[in-house]
Amino acid sequence: MKKILIYLPSIFFNLCETIIIFLIGHLMNLKILEILIIMCLFSIVRTILGGALHYKQWQRCLVWSTLVFTSIFLVAKININIAIGITIFEAYILTRKS
């Protein structure tokens, strides 16, 4: 129970951040499947590569995540295949391996 209380703020922030990013994609009239593909692919690539960048301030993390996904969503409105390529590229760039 004590561990849950320690991680609760982080879980809450990640959930809110995910909802905000999803809503931005939805407001841009993207299909739900396209939003999920982009978000999942981004997470999978960062997990596989490891060494993801982390910001100590939650505000900075929220702003950068929102800007990254907004740019990918804008490209997805034009062509989902190009957006998938950019998603992989941005996930790679945002690790310490680039």
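Here, every reference points to the structure presented above.
For clarity, every value in this text was computed on a predicted model and none was experimentally measured. Counting restarts for each chain, with residues numbered from 1 along the sequence as it is written. Confidence filtering applies because this is a predicted model: local features only for residues at pLDDT of at least 70, side-chain atom pairs given and counted only at 80 or more, and all residues used for totals across whole chains, interfaces and linings. Side-chain measures here rest on the full set of heavy atoms in the structure, leaving out hydrogens and waters.

1. Overview of the overall build of the protein chain
Helix and strand content of the protein chain: four helices and zero strands. Its C-alpha atoms give the protein chain principal-axis dimensions of roughly 45 × 30 × 20 Å. Whether two residues are in contact is decided by their heavy atoms: any pair within 4.5 Å suffices. Within the protein chain, counting contacts between residues at least 6 apart in sequence, those at least 24 apart form 73% of the total. Note that accessible areas follow from Shrake-Rupley with a 1.4 Å probe, and for residues the cover is restricted to the protein chains shown. Of the roughly 7,000 Å² that the protein chain leaves accessible, carbon and sulfur atoms contribute 72%. For helices the rule is a DSSP run of H or I covering at least 4 residues; for strands it is a run of E covering at least 2, with both sets numbered from the N terminus onward.

2. Some points on helix α3 (residues 58–78)
With 21 residues, α3 extends 31 Å between its outermost C-alpha atoms, agreeing within 8% with the 30 Å of an ideal straight helix rising 1.5 Å per residue. The buried label goes to any residue with under 20% of its type's maximum accessible area, the exposed label to any with over 50%, and the partly exposed label to all in between, with areas taken from a 1.4 Å probe on protein chains only. All of the buried residues along α3 are C61, S65, T66, V68, F69, I72, F73 and A76. Buried residues along α3 sit in contact with α1 (2–27), α2 (32–49) and α4 (80–93). Expected span of a helix: the number of residues minus one, times 1.5 Å.

3. Describing the packing of aromatic side chains
Centre distance within 6.5 Å is the pairing criterion for rings of Phe, Tyr and Trp, where only the six-membered ring of Trp is used; planes under 30 degrees apart are then read as stacked, over 60 as edge-to-face, and the remainder as tilted. Scanning the entire structure with this criterion turns up three aromatic pairs. An angle of 70° between the planes, with centres 6.3 Å apart, marks the rings of F13 and W58 as edge-to-face. Residue F13 is found in helix α1, and its partner W58 is found in helix α3; the two are separated by 45 residues along the sequence. A residue is classified by how much of its surface remains accessible, and W58, at 51% relative accessible area, is exposed. Between the aromatic rings of F42 and F69, the centroid separation amounts to 4.9 Å while the plane-to-plane angle is 65°, which identifies the pairing as edge-to-face. With F42 in helix α2 and F69 in helix α3, this residue pair connects regions lying 27 residues apart in the sequence. Each member of the pair F42 and F69 is classed as buried. Through a chain of ring-to-ring contacts, the aromatic side chains of F42, F69 and F73 assemble into a single cluster.

4. Section: the packing of α1 against α2
For the pair α1 and α2, the least separation of the axes is 9 Å and the interaxial angle reads 135°. The orientation of α1 with respect to α2, classified from their angle, is oblique. The two elements α1 and α2 cross, and the hand of that crossing is right-handed. Each of T18, I21, F22, G25 and H26 in α1 lies in contact with α2, whose residues at this interface are I32, I35, L36 and M39. Three residue categories are used. Nonpolar comprises Ala, Val, Leu, Ile, Met, Phe, Trp, Tyr, Cys and Pro, charged comprises Asp, Glu, Lys and Arg, and polar comprises the others, including Gly. Taken together, the residues of the contact of α1 with α2 break down into six nonpolar, three polar and no charged. Interaxial angles span 0 to 180 degrees and are taken between N-to-C directions of axes, which are lines fitted to C-alpha atoms, for helices over the stretch in contact. Orientation categories follow fixed angle ranges, with anything under 35 degrees roughly parallel, anything over 145 roughly antiparallel, 65 to 115 roughly perpendicular, and all other angles oblique. Crossing handedness is defined as follows: a turn of the near helix away from the far one that is anticlockwise and smaller than a right angle gives a left-handed crossing, while the clockwise case is right-handed.

5. Some points on the layout of surface pockets
Its boundaries defined by the atoms lining it, the largest pocket holds a volume of some 610 Å³. Looking at the lining of the largest pocket, the elements that each hand over two or more residues are α1, α2 and α3. Within the lining of the largest pocket, the residues separate by chemical class into eleven nonpolar, six polar and two charged. Each cavity reported here is a set of points on a 1 Å grid over the protein atoms alone in which a 1.4 Å probe fits but cannot get out, each pocket an open set with protein on both sides within 12 Å along at least five of seven lines, and each lining residue one with an atom within 4 Å of a point. Grid points are joined across faces, edges and corners, and a volume is the space filled by probe spheres set on the points.

6. Digging into α4
Each full turn of the α-helix corresponds to 3.6 residues, which orients residues three or four apart in the same direction. Between its terminal C-alpha atoms α4 stretches 20 Å, which fits the 20 Å expected from 14 residues at 1.5 Å a residue. Turning to α4, its buried residues are A83, T87, E90 and A91. Along the axis of α4, the buried positions cluster into a sector of 100°, meaning they face one direction only. What points out from α4, more than 90 degrees from its buried face, is the exposed set N81 and F89. For α4, the elements touching its buried residues are α2 and α3. Sitting at the head of α4, N79 places a side-chain oxygen 2.8 Å from the backbone nitrogen of N81. Summarising the geometry, the arc corresponds to the directions from the helix axis toward the C-beta atoms. Think of a polar contact as two N or O atoms within 3.5 Å of one another; within protein, one of them needs to be a possible hydrogen donor and the other a possible acceptor, and neighboring residues in sequence only count if both atoms come from side chains.

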